[in-house]
Amino acid sequence: MSGFSSLPEEALKLVMKHVPLRHRLSSCCLVGTMMHAAAVADTDDLELSHLSQQRAASLLGWMSHHGHNLTKFELKYYYEQPLQQLPCPNLLELKLDGCDVQLGPAFGYPGVVQGCTNLTRLVLECSIIDAPVHGAVLDGSLSRLVHLQYLLVVPFARPTLASLGGIQQYTLDGLSYVTLPRLQQLTFLKVHSLNVGNVQQLGALTNLHSLDLMVADDFTIIGPTCVPGMTFPASLKTLFLLSRAEPEVLSLVPTGLQELQASCTVGGPAEGPGSFLYGMARLQHLTSVILLGHGTVWPPAGPAYSALTASSKLQLLHVTDSYFPTGIWSHVFSAARKLPHLTSLILRGLEKYGGSYVGNVRTPPLWDAADISSFVSCCPSLCDIKRLPLQPGLHVSELHKLTALTALDVQCNSASWWPVVESLRGLAAVTSLHSLTVTTDCAEMTGAHLLPLTSLTALSSLSCKFQSDSRRFFSTQVNTQPLYALRVSVSIVGAADVLECVNHE
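Computed from a prediction, not measured in an experiment: that's the story for all the values here.

## A look at the side chain of serine 374
1) Next: Position of serine 374 relative to the elements: it lies in helix H10 (residues 369-378).
2) Next: Residues in contact with serine 374, not counting those within four places in the same chain, are Phe333, Ser334 and Ala335.

## So, the nonpolar core
One recurring pattern in soluble globular proteins: nonpolar side chains tend to sit buried together.
1) Next: Grouped together as the largest cluster of nonpolar side chains are 110 residues, with contacts concentrated most on Leu151, Phe333 and Phe375.
2) Next: Once you skip the residues sitting within four places of it in the chain, phenylalanine 333 turns out to touch Thr309, Leu317, Leu339, Leu342, Leu345, Trp367, Ser374, Phe375, Cys378 and Cys379.

## Digging into the packing of aromatic side chains
1) Next: What the rule picks out here adds up to three aromatic pairs.
2) Next: For the pair tryptophan 329 and phenylalanine 333, a centre-to-centre distance of 5.9 Å together with 10° between the ring planes defines the contact as stacked. With respect to burial, tryptophan 329 and phenylalanine 333 carry one shared label: buried.
3) Next: Taking the centre distance of 5.1 Å and the plane angle of 70° together, the rings of phenylalanine 333 and phenylalanine 375 count as edge-to-face. With a gap of 42 residues between them, phenylalanine 333 in the loop between helix H9 (329-332) and strand S12 (344-348) and phenylalanine 375 in helix H10 connect regions that are remote in the sequence. Take phenylalanine 333 and phenylalanine 375: they sit in the same class, and that class is buried.
4) Next: Each member of the aromatic cluster is reached from another via a ring pair, and the members are Trp329, Phe333 and Phe375.
5) Next: The positively charged end of arginine 121 is found above the aromatic ring belonging to tyrosine 150, 3.7 Å away from the centroid.

## Examining the pairing of strand S17 (residues 435-440)
1) Next: Among the six residues in S17, five count as buried, and that is most of the element.
2) Next: Relative to S17, strand S16 (residues 407-412) runs parallel, the two being bridged by six bridges. Looking at the pairing, aspartate 409 lines up with threonine 437 of S17.

What counts, and where the lines are drawn
- Numbering of residues begins from 1 in every chain and follows the order in which that chain's sequence is written.
- Given that the model is predicted, a residue must reach a pLDDT of at least 70 before its local features are reported, and side-chain atom pairs must reach 80 or more before they are shown or counted; all residues, however, enter totals for whole chains, interfaces and linings.
- The basis for the side-chain values is all heavy atoms of the structure; hydrogens and waters are excluded.
- Helix numbers and strand numbers start at the N terminus; a helix is a DSSP run of H or I with at least 4 residues, a strand a run of E with at least 2.
- In this analysis, two residues are considered to be in contact whenever any of their non-hydrogen atoms come within 4.5 Å of each other.
- Only buried Ala, Val, Leu, Ile, Met, Phe, Trp, Tyr and Cys residues count toward a nonpolar core, and they belong to the same one when joined by side-chain atoms within 4.5 Å.
- The buried label applies to any residue whose accessible area, calculated with a 1.4 Å probe on protein chains only, is under 20% of its type's maximum; exposed applies above 50%, and partly exposed to all values in between.
- Whether two aromatic rings pair depends on their centres lying within 6.5 Å, for rings of Phe, Tyr and Trp, where Trp uses its six-membered ring; planes under 30 degrees apart make the pair stacked, over 60 edge-to-face, and the rest tilted.
- Ring-over charges, as used throughout, are those where CZ of Arg or NZ of Lys falls within 6 Å of the ring centre and within 35 degrees of the ring normal.
- In this scheme, strands are said to pair when DSSP sees at least two bridges between them.

Below, the structure is given as structure tokens:
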């Protein structure tokens, strides 16, 4: 390698041009400054990770002389010293992940983005050491970046170095009040977290397409009552609402919204013009709906639930841990409604709240037998269903009408084997399946009970999550035959172990 490093500088540059840009520093042994400069000559895109202090010092030294070529720079997991000004005036994209960063001028040194006024994309998932405790990002740090189109600031608490003023944890409390109005080119915004003033300014960002809204700790709930004058820009297409919210907040969202994720506690009226579901019914262009609604008090079953599928353009519906009442699915998936574009349905956690036992009393099932037929008629293009709760008597075989269905995950809420086997017999008609997962609390299942599934000739993955002792599951040679007849990889998750059986025929 010493002979290689002694090559003339022009020869080194020529050789290094054949090394992929992102790997020049990680895959080459850098010997001396000439080798170092040649390794990154004409490079405009660097991605570096887990740098030692010596390597980082060498890199920063090179950047002070040659950084004018860089337009994209990503640095991960560097804690040796706080990052300060990067001498890269032409930098367009910057990502700092797992680093100590001095964002604004402090401690007698310039901030890391000072001088990088051409930035269009900035991602800071790091510790910002110069932010005041529970204070905003400094005015002079981000407000100069008027060309920013993508801004993500997610700081994590980390003690600063003792040499910079002692051990103390810093957290951000939103952008400074003067910053957002200057960032008129923003199309994506995620800042952990925004303050009240920031939220009041969102409507002025007329180019904003995607907003990840997470408010500050002292800002308890978001909505028009708590934030007078709050508006969303008409350009908004994607909204992640990750804070406690008033139900009226959806009445402020532009009707052209295409993606909605709400992980929040919604209070207020259950029905009517001020309700959460009423606000959802306005959004006729949604293609993706994700509701993680633990803690939300939902109204009794009624036509208002048709708001969940009000958009005929819907492609994804994902509902997790929502305490829905019995009888809503006839409104969500009405036989008279068509969702021709819905391809993915995810219902997680619902089996915990319906069709289960509370003491010796069985609660009403969330999914009634009549729901399957209307569901199949409503969603003809479904190809992926996760955690569909099945109850005894459901017309499971109706699923064979979903000719595009290739992946299915079902939950059978039964402590005895016969309702589970009944469901498996129904599933045997769904011959388009490539992947099947069956989960049940039944402890009586054996390999023989899988026999109905041998008709699924297209199946390539079968996961059976039974609370069964695998020794009992494979207790006889007869019991193992159905598994090998399936010619797939089968996992049996028991109470104490996991056993995998693979047929190599």
